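# What the coordinates show
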Number of protein chains: 2
Amino acid sequence: MVDILHRVGVKTPAPDKVYEALTTVDGLSSWWTGDTTGDGDVGGVLEFRFSAGYFHMKVIERKPSERVTWKVVEGPEEWVGTTIDWTLRQDGEYTIVLFKHEGWKEPAEFMHHCSTKWGSFLMSLKSLVETGEGAPAPRDVQISDWH
Amino acid sequence: MVDILHRVGVKTPAPDKVYEALTTVDGLSSWWTGDTTGDGDVGGVLEFRFSAGYFHMKVIERKPSERVTWKVVEGPEEWVGTTIDWTLRQDGEYTIVLFKHEGWKEPAEFMHHCSTKWGSFLMSLKSLVETGEGAPAPRDVQISDWH
């Protein structure tokens, strides 16, 4: 069992803007994919669409400014059943974001790709909160032939 | 046991430029840290210095345009004894780089940070080969309060 882990620090006085970017359709549309719909409340399903595919995430937990957890209910076979967990805390001038995408069955090449791509999208989230401008799909940073 | 995995695709007709960037002091200085010295041959030790610390890597394997493996012999406690493995292959217009940093004892917060930071440095490697310009330390992309 292998996980994807990441950590970024977002320069902002409190975690509320990061939390908003993880829990509202408007926020998620501004750093992950412009084509986001659905319900970000606990029990709701968020739908994220990209040119190459889609992910549907059920919101399992949300604790204001502290934690958000999603479970993948539809999407690529490798993703279904995995969990994505966001933990936030304030450390001086930075909101520290700890990210974990867990439950992968095997460390296939697609998982390597998703790890790098998540890191790139976390930088988009950081940029959104710090500057007002993220890089969501379809204008996301291209990391390879797989986009 | 948890690993850091990444995958990028570098738009270049053959893997030789990526291989050179992973095996020569000049190449490594141009995408990872400007302060690189040492010997990139098998059995040699490469020394990478950053404002916050350093890593010494023993070159365990190198197979032209296919594979490079380092073992960390000095540096932060969490890194010593871990292995960094690079696999290259050509897929059409892209050299595919599969990266694995394995042997971490536990998924501590520092490992989350290193995962994101490696992703960012792989983008620097990609940029170096594609454009001639990387973003090595000390002008690397800042991802958090930990730099």
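Since the model is a prediction, treat every value here as computed from it, not as a measurement.

### What to know about the interface of chain B and chain A
Chain B puts 28 residues into the contact, and the matching count from chain A is 28 residues. Carbon and sulfur atoms supply 56% of the area that chain B and chain A bury against each other, a total of about 2,400 Å² over both sides. A per-residue breakdown of the area chain B buries against chain A is headed by Leu5, Arg7 and His112 of chain B, which together make up 29% of the total. Where chain B touches chain A, the interface holds 6 salt bridges. In this structure, Arg7 of chain B and Glu109 of chain A form a salt bridge, with 2.9 Å as the shortest nitrogen-oxygen distance.

### Comments concerning the pattern of salt bridges
Enumeration according to the criterion identifies 26 salt bridges over all chains in this entry. Here Arg89 of chain B makes a salt bridge to Glu109 of chain A, at a shortest N to O gap of 2.9 Å. Linking Arg89 of chain B in strand S6 (residues 83–91) with Glu109 of chain A in helix H3 (residues 109–131), this pair reaches from one chain into another. Accessibility expressed as a relative area gives 21% for Glu109 of chain A, which makes it partly exposed.

### Focus: empty space enclosed by the protein
On inspection of all chains with the given rule, the structure shows 1 cavity of 30 Å³ or more. The volume enclosed by the largest cavity comes to roughly 60 Å³. Around the largest cavity, the lining residues are Asp3, Ile4, Leu5, Met111 and Ser115 of chain A together with Asp3, Ile4, Leu5, Met111 and Ser115 of chain B. For the lining of the largest cavity, the secondary-structure elements that each account for two or more residues are strand S1 (2–11) and H3 of chain A together with strand S1 (2–11) and helix H3 (109–131) of chain B. Split into classes, the residues belonging to the lining of the largest cavity amount to 6 nonpolar, 2 polar and 2 charged.

### A few points about the UniProt feature "domain: Activator of Hsp90 ATPase homologue 1/2-like C-terminal" (unreviewed entry) in chain A
UniProt annotation of "domain: Activator of Hsp90 ATPase homologue 1/2-like C-terminal" (unreviewed entry) refers to residues 15–130 of chain A when read in the numbering used here. Between the end C-alpha atoms of residues 15–130 of chain A the distance is 12 Å, and the span holds 30% helix and 42% strand.

### Brief notes about H3 of chain A
Residues and elements named next belong to chain A. For H3, built from 23 residues, the straight-helix expectation of 33 Å at 1.5 Å per residue is met to within 8% by its first-to-last C-alpha distance of 33 Å. Across the 23 residues that make up H3, a large majority, 17, are buried. Phi turns positive one or two residues past the end of H3, at Gly132, with a value near 90°.

How each quantity is defined
- Residues numbered from 1 in each chain as written.
- Chains lettered and ligands numbered in written order.
- Predicted model: local features only at pLDDT ≥ 70, side-chain atom pairs only at ≥ 80, totals over all residues.
- Heavy atoms only, no water.
- Contact = heavy atoms within 4.5 Å.
- Buried area = accessible area lost by both parts, 1.4 Å probe.
- Salt bridge = Lys/Arg side-chain N within 4 Å of Asp/Glu carboxyl O.
- Helix = DSSP H or I, 4+ residues; strand = E, 2+ residues; numbered from the N terminus.
- Buried < 20%, exposed > 50% of the residue type's maximum accessible area, 1.4 Å probe, protein only.
- 1 Å grid on protein atoms, 1.4 Å probe; cavity = no way out; pocket = protein on both sides within 12 Å on 5 of 7 lines; lining within 4 Å.
- Points joined across faces, edges and corners; volume = space filled by probe spheres on them.
- Nonpolar A, V, L, I, M, F, W, Y, C, P; charged D, E, K, R; others polar.
- UniProt positions renumbered as here; feature names shortened; annotations may be inferred.
- Expected span 1.5 Å × (residues − 1).

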